[in-house]
Every structure is written in structure tokens, then in C-alpha cells.
Amino acid sequence: MPHYPGLLRIAPLQEETTSSLICHIATGYGLEATALRSAWHWRNHQPRHSGGGGVRADVEVLFKAAGRALLAELCGVQEDVLARALPSFGQEDAELPAIDDGVPAAAWRIGGAVAGPVAFGCRLCTARRTGTVVQMVRYAARWERVCVWHGRWLLDADADQPLEHLDVRYLPEIAAAQRRWAGVARRAVRAGAEPAKVFALAHAVVARWWEQAFQWEQETVWPQLCRSPNSVISSRNSADMYSASSTSRCNTGLLQRA
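No experiment lies behind these values; they were computed from the predicted model shown.

Q: It is not clear to me how the packing of aromatic side chains should be interpreted in this structure. Could you clarify?
A: For any pair of aromatic rings, geometry is given as the distance between the ring centres together with the angle between the planes. In this structure the tally under the stated criterion is 5 aromatic pairs. On the basis of an interplanar angle of 35° and a centroid distance of 5.2 Å, the ring pair of Trp 143 and Trp 181 is categorised as tilted. Of this pair, Trp 143 sits in the loop between strand 5 (137-139) and strand 6 (146-147) while Trp 181 sits in helix 7 (residues 172-190), and the two are 38 residues apart along the sequence. Residue classification places Trp 143 among the partly exposed positions, given a relative accessible area of 25%. Linked through ring pairs, Trp 143, Trp 181 and Phe 199 together constitute an aromatic cluster. We note Arg 128 situated over the ring of Trp 149; from NZ or CZ to the ring centre the distance is 5.8 Å.

Q: Please explain the sheet that holds strand 2 (residues 59-63) as it appears in this structure.
A: Two orientations exist for strands paired in a sheet by backbone hydrogen bonds: parallel and antiparallel. The strand order across the open sheet formed by 3 strands is 1-3-2, and the pairing between neighbours is mixed. In the strand order of this sheet, the two ends are held by strand 1 (41-42) and strand 2, each with one partner. Relative to strand 3 (residues 105-110), strand 1 runs parallel, the two being bridged by 2 bridges. When the sheet's bridge partners are listed, His 41 is paired in strand 3 with Ala 105. Strands in contact with helix 1 (residues 18-28) are strand 2 and strand 3; relative to strand 2, the strand with the most contacts, it is inclined by about 90°.

Q: I tried to follow the pairing of strand 3 on my own but got confused; where do I start?
A: Look at any regular strand and the pattern is simple: side chains alternate between the two faces of the sheet. Two strands pair when backbone bridges link them, and strand 2 and strand 3 are joined in this way by 5 bridges, in the antiparallel orientation. Bridging across to strand 3, Glu 60 finds its partner in Arg 109.

Q: Would you explain the pattern of salt bridges in this entry?
A: Here the idea is simple: oppositely charged side chains can pair when their charged atoms come close. Under the defined criterion, the tally for this structure stands at 10 salt bridges. One salt bridge in this structure joins Lys 64 and Glu 92, with 3.1 Å as the shortest N-O distance. Of this pair, Lys 64 sits in the loop between strand 2 and helix 3 (65-75) while Glu 92 sits in the loop between helix 4 (79-85) and strand 3, placing them 28 residues apart in sequence. Judged by relative accessible area, which is 9%, Lys 64 ranks as buried. For Glu 92, a relative accessible area of 40% puts it in the partly exposed group. Two residues, Glu 194 and Lys 197, come together in a salt bridge whose shortest N-O distance is 3.7 Å. By sharing partners, the salt bridges in this structure join Lys 64, Arg 68 and Glu 92 into a single network.

Conventions we followed
- Residues numbered from 1 in each chain as written.
- Predicted model: local features only at pLDDT ≥ 70, side-chain atom pairs only at ≥ 80, totals over all residues.
- Heavy atoms only, no water.
- Phe/Tyr/Trp six-rings, centres within 6.5 Å; stacked < 30°, edge-to-face > 60°.
- Helix = DSSP H or I, 4+ residues; strand = E, 2+ residues; numbered from the N terminus.
- Buried < 20%, exposed > 50% of the residue type's maximum accessible area, 1.4 Å probe, protein only.
- Lys NZ or Arg CZ within 6 Å of the ring centre and 35° of its normal.
- Pairing = 2+ DSSP bridges.
- Contact = heavy atoms within 4.5 Å.
- Axes fitted to C-alpha atoms, helices over the stretch in contact; angles between N-to-C directions.
- Salt bridge = Lys/Arg side-chain N within 4 Å of Asp/Glu carboxyl O.

Right, dumping it as C-alpha cells:
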């Protein structure tokens, strides 16, 4: 496929997956992503969900040097700019040839196995930065998934389901829990604990509480929020709601006992 280096400048978003950036570049050039991807020589097939599902949103792309150079040309930015923004940019893969022969080789991988958990980005924030309303996928820890500007709880990108976010504009407890996490993380470090492990433990505890909530029919606050006409959150996601608003409190209790 012919391309025109530097014709457009399409800067990557911070922590974006390389696969997501390729889709943004294609949109900028008025192309389908599959057409733009044909500029690289692929060593394997794009991952799909098991059981005949669709293409995964959390896919990632790894390059050799020639492939990275081609991406930089299409973006119209320097490679060091891409390296600072894209967590996977400098990584390589066994599927790629050991010797870089100048062919822009590329390999598909699952993002979570490359650089950590992958989630959807906020489309409204993406539109403000890029001028187009498109899907964005980025690496993001589970304690930084709430877009406080637009009240969106951004979901994992590895699930085979259509939702990218939950509307939490009318649930201030969720954003408040995320804001409290920074203080909990600092206390974890002072106590000699890894914040990620503290969060994982607290999340597991809250999830266990949910599983053992035999008196759920007596609960009054969360079912009311789930039924709120101002919220699009379904009852199947109420456990996640409860977990997010409770995790920082649970983390604080665990640290106080440490």
C-alpha cells in the first residue's frame, strides 16, 4: 500500500496500545484499519475471542526496527515520541525474524501479556485531543479507570461484550474512591507494601463479601442506584460498583492493621 511519510501528523495518546494508534492513523488517512495494516508483513493472525467470537479489542502489535520506522513515518512524528507514549513500542517478539532485513515485519499479541492490563479510553477525551470520536484502547491500572471529566468508568478491553464504559456521573462515590486511592498507595509504600498487591487483596476481599451477601434482598442503597433512571448501569455490574467504592476503605483498613 502506498503511503506518504509526514503527510499528516498524528501523535499517539499517552499509554495507548500500538494497535489503537494504527486505527487512529487509518482514520486520519480515510482508510480502513485493515488497509493500513497491509503496509506491514504480518507473522501471525490477529487474535480473536474463543468460541468463534469477534476480533479482540485488547490486541497489540510488536515490530522490528523497520516496522517501527514505518509507523513513525505514517504518524509524522519521531520514534522517540512514540517510545515515550506507547508502552509496547520498543518490545519485540519471537515471531519476528532474528535479523532485521529491512522488511517491516509485525506480530500480533494480546496487550495484557505485553505491558499490563488494557482498558478502553474515554471517547470524549479522545475526541477533545484528536478531533475525531473514535475508539481508543490504552494500558491502565484498575485503580485509574474512572474518567472524572465525563463520569465514565472505563472497562477492561479483553471481554467479549459491547460496552466500553459505565455511566457513573450520578455516582460520585466511584470518583471519590479513585481519588482516595493515591493516599492509600502512599501509605502502602510507607508500610513496605506494593500498592498493586494491596489493591488486588482489597479487591479480592470485597469480591468475597459480594459472593457471601446472602441478605442482598435487605440492601437498600445499591439496588436503588442500579434502578436509577439517570444511570445506565445494569444490575450485573452492581458488584463492580460496590467494589470500586469500597476498595479504598478496605485498603485503608488493611494498612492500619499492618
